[in-house]
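Below are the chains, spelled out letter by letter.
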Amino acid sequence: MAVMQSRVLGSSGISASVVGLGTFAIGGWFWGGTDEKRSVEAIHAALDAGVTLIDTAPIYGFGLAERIVGKALKGRRDKVILATKVGLRWDTDQGQFDGYADDKAPSRTPAKYEIHRWLAPESIRYEVEQSLRRLDTDVIDLYQTHWQESTTPIEVTMETLLALQREGKIRAIGVSNVNVEQLRRYGAVASAQEKFSLMDRGVEKSGLRDYCAGRSISILSYFSMEQGLLTGAMRPGRAFGPGDTRRDNPRFSPASIQRVNGILSDLRPFAEKYGTTISQLVIALTARQPGITHVLVGARDAEQARENAAGGTLELSAEDVIRMQHVVDRLPAAGA
C-alpha cells in the first residue's frame, strides 16, 4: 500500500505530510462561494488518505475556512498538524491598508471590507484567540505571519510570537510572503510559505530558496497547481462563475489552457508507468524541486482531496524526475 511521505518542518521537530491541504478555496473567497458539507468531506477524505498538514487562515472567507476546519477536525485533532496565519484584519483601520473586498472577491473600489495588514503585539494576541476559538483547539501547531507590513518592526512581531510559543498557544513559528531581508530579521523560524509552482519559480530567482535551504527553513508552496491549471484536466473554454478570480485572468483563456494542457500531455507516458494521473505527477514533481519541502494543494470535494493526497505517495526515480523536468520546463512562466 502506498504511504504518504512526511518531512519535518524546519528545525521544529514537527513532522507533517509532504502534501498538505490548503483551504483557501474552502473559504469561498476568490472562488465563487463554498459548500460546507462538501468542504468537510474533503477534509475528512484528505485525512483518510494520509494528509496530516492542514493550512488555513482567518482571511479565507473572513473566518469561514477556520470554522469549517474546526468543525471537520472534531475528534481527529490529534491526527493533524494545524497551520493558520495572522496579520490580515478586516475589522480595524490600524496597520497598513491592503485593499477592499466583499464576501466574494477583492474590489478596486470601497466595499464591505477594508483589509489591513497589522502585526502589532495587541493585534496578534487578539487574532490568536479568535483563531483558537474558530478552530476549536487549544494550540496551533504552525502560526504564520500572512503578509508583511510596514507599521510594526519585524523584531516586535517576532517577540510576540515567541511569547505565544512559550505560553503554549502555538508550537512553531512560520512566515509567508517574505523577502530575504525580512526573513533575516525574523531569525529562527520553522517555515516560509511562498507562492511556487512549476510555472512560478520566483523563490529561486529572489534567492529565498537558497537562503531557506542554508538555514533549515522549510518552504511550503502555495498555488502549487496554479488554481487547477496544472492538473492537465481543465477544459479550454471552461466557464468561471461570478466571484471566481480566474474568470477574467488571461492565464485561463482557452488558448492558454490549451497550451498548458498540450505540454502536460507529454507526461502521459510517465502517468501510465506509475499508474497515476498527470495532476498527481505534477504534485510529486513539485515536492522534488530543490528547497520545496511541502506542497499545499486545495480541494473542494472528497474526490479532489483523495487525488491530491496520492501525489504525496509517489516515489519517482531520479531518472524520471530529470526526464519530466525537461517537459515541465517548457511551461510558460507565470505572467507570460
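In what follows, the structure referred to is the one given above.
No experiment lies behind these values; they were computed from the predicted model shown.

Trainee: Explain the sheet that holds strand E11 (residues 170-176) here, please?
Mentor: Working definition: the strands of a sheet are paired by backbone hydrogen bonds and lie parallel or antiparallel to each other. The sheet built from 8 strands closes into a barrel, its strands ordered E3-E4-E5-E10-E11-E12-E13-E14 with parallel pairing. If you compare each strand with its neighbour and ignore which way they point, the axes differ by 30 degrees on average. Strands strand E10 (140-145) and E11 of the sheet are contacted by helix H4 (residues 154-166), whose axis makes an angle of about 155 degrees with E11. Against the sheet, helix H10 (residues 278-287) engages strand E3 (19-22), strand E13 (218-222) and strand E14 (292-298), with an angle of about 150 degrees to E14.

Trainee: Where do I start with the nonpolar core in this structure?
Mentor: Across soluble globular proteins, you tend to see nonpolar side chains buried next to one another. In this structure, Ile 43, Ile 54, Tyr 143, Leu 183, Leu 230, Leu 267 and Leu 331 are the most contacted members of the largest nonpolar core, which totals 83 residues. Tallying contributions element by element places H10 first for this core, with 7 residues. Excluding its chain neighbours within four sequence positions, the residues that come into contact with Leu 230 are Ser 197, Leu 198, Met 199, Ser 224, Met 225, Val 260, Leu 264, Ser 279, Val 282 and Leu 331. If you look at the next biggest cluster of nonpolar residues, it comprises 11 residues, including Leu 9, Ile 14, Ala 83 and Leu 142.

Trainee: Would you explain the pairing of strand E7 (residues 96-101) in this entry?
Mentor: Along any regular strand, the residues point their side chains to alternate faces of the sheet. In this structure, E7 lies alongside strand E9 (residues 113-117), joined through 5 bridges in antiparallel fashion. Looking at E9, one finds that Tyr 100 is bridged to Glu 114. Pairing analysis gives 2 bridges linking E7 to strand E8 (residues 106-107), with the strands arranged antiparallel. For Ala 101, the partnering residue across the bridge sits in E8 and is Pro 106. If you look at the hairpin formed by E7 and E8, you'll find 4 residues sitting between the two strands.

Trainee: Can you help me understand the side chain of Arg 251 in this one?
Mentor: As for its position among the elements, Arg 251 is in the loop between E13 and helix H8 (254-264). Within the structure, Arg 251 has its side chain in polar contact with the side chain of Glu 226 (distance 2.8 Å).

Trainee: Got a minute to help me understand helix H11 (residues 302-310) in this structure?
Mentor: Each full turn of the α-helix corresponds to 3.6 residues, which orients residues three or four apart in the same direction. For H11, the full list of buried residues reads Ala 302, Ala 305, Asn 308 and Ala 309. Down the axis, H11 shows its buried residues gathered within 130 degrees of arc, on one side only. Packed against the buried residues of H11 are E3, helix H1 (36-48), H10 and E14. The N-cap residue of H11 is Asp 301: its side-chain oxygen and the backbone nitrogen of Glu 303 are 3.2 Å apart.

Trainee: Is there a simple way to think about the packing of H10 against H11 in this case?
Mentor: Between two packed helices, the angle of one axis relative to the other and the distance separating the axes together describe the packing. Where H10 meets H11, the axes come as close as 8 Å, and the angle between the chain directions of the two elements is 50 degrees. Relative to H11, the element H10 lies oblique. Between H10 and H11 the crossing geometry is right-handed. For the pair H10 and H11, contact is made by Ser 279, Gln 280 and Ile 283 and by Glu 307, Asn 308 and Ala 310, respectively. Here the residues of the contact of H10 with H11 sort into 2 nonpolar, 3 polar and 1 charged.

Trainee: What should I look at first to understand the packing of helix H3 (residues 121-135) against H4 in this one?
Mentor: Between H3 and H4, the least distance of the axes is 9 Å, while the angle of their chain directions is 35 degrees. Judged by the twist between their axes, the crossing of H3 over H4 is right-handed. On the side of H3, the interface is formed by Pro 121, Ile 124, Arg 125 and Val 128, while H4 contributes Val 156, Thr 157, Thr 160, Leu 161, Ala 163 and Leu 164.

Trainee: Just to check I follow, could you spell out helix H12 (residues 318-328) for this structure?
Mentor: Buried within H12 we find Asp 320, Val 321, Met 324, Gln 325, Val 327 and Val 328. Viewed end-on, H12 has its buried residues packed into an arc of 150 degrees, placing them on one side of the element. Set apart from the buried face of H12 by more than 90 degrees, the exposed residues are Ala 318, Glu 319, Ile 322 and His 326. Looking at the buried side of H12, the elements it contacts are H8, helix H9 (268-274) and H10.

Trainee: What's the story with the sheet that holds E7 in this structure? I'm lost.
Mentor: Strand order in the open sheet formed by 4 strands is E6-E9-E7-E8, and the pairing between neighbours is antiparallel. Each edge of the sheet is formed by a strand with only one pairing partner; in this case those strands are strand E6 (88-89) and E8.

Trainee: Sorry if this is basic, but what is going on with the pattern of salt bridges here?
Mentor: Between side chains of opposite charge, pairing is possible as soon as their charged atoms come close. As enumerated under the stated definition, the model contains 25 salt bridges in all. Arg 201 is the partner of Glu 204 in a salt bridge, and the nearest nitrogen-oxygen pair spans 2.9 Å. The class of Glu 204 is partly exposed, set by a relative accessible area of 23%. Close ionic contact of Glu 204 with Arg 209 constitutes a salt bridge, the shortest N to O distance being 3.4 Å. Linked through salt bridges whose partners overlap, the residues forming this network are Lys 195, Asp 200, Glu 226 and Arg 251.

Trainee: Honestly, the packing of aromatic side chains in this entry has me stumped. Any pointers?
Mentor: Two descriptors summarise a pair of aromatic rings, namely the distance from one centre to the other and the angle between the planes of the rings. The tally for this structure, following the rule as stated, stands at 7 aromatic pairs. Seen from their ring centres, Tyr 222 and Phe 223 are 5.6 Å apart, and the 75 degrees between their planes marks the pair as edge-to-face. In this structure Tyr 222 comes out as buried when scored by relative accessible area, which is 16%. Note on Phe 240 and Phe 252: the rings are 5.7 Å apart at their centroids and 75 degrees apart in plane angle, and the pair reads as edge-to-face. A residue pair is termed long-range when its members are at least 10 positions apart, and Phe 240 in the loop between E13 and H8 and Phe 252 in the loop between E13 and H8 qualify at 12 residues.

Trainee: Just checking my understanding: could you explain the side chain of Thr 152 for this structure?
Mentor: In this fold, Thr 152 is placed in the loop between E10 and H4. Separated by 2.8 Å, the side chains of Thr 152 and Glu 149 make a polar contact.

Procedures and definitions
Residues numbered from 1 in each chain as written. Predicted model: local features only at pLDDT ≥ 70, side-chain atom pairs only at ≥ 80, totals over all residues. Heavy atoms only, no water. Pairing = 2+ DSSP bridges. Helix = DSSP H or I, 4+ residues; strand = E, 2+ residues; numbered from the N terminus. Axes fitted to C-alpha atoms, helices over the stretch in contact; angles between N-to-C directions. Contact = heavy atoms within 4.5 Å. Core = buried A, V, L, I, M, F, W, Y, C linked by side-chain atoms within 4.5 Å. Buried < 20%, exposed > 50% of the residue type's maximum accessible area, 1.4 Å probe, protein only. Polar contact = N/O pair within 3.5 Å; in protein donor to acceptor, adjacent residues only side chain to side chain. Arc of directions from axis to C-beta. Parallel < 35°, antiparallel > 145°, perpendicular 65-115°, else oblique. Left-handed = near helix turned anticlockwise from the far one by under 90°. Nonpolar A, V, L, I, M, F, W, Y, C, P; charged D, E, K, R; others polar. Salt bridge = Lys/Arg side-chain N within 4 Å of Asp/Glu carboxyl O. Phe/Tyr/Trp six-rings, centres within 6.5 Å; stacked < 30°, edge-to-face > 60°.

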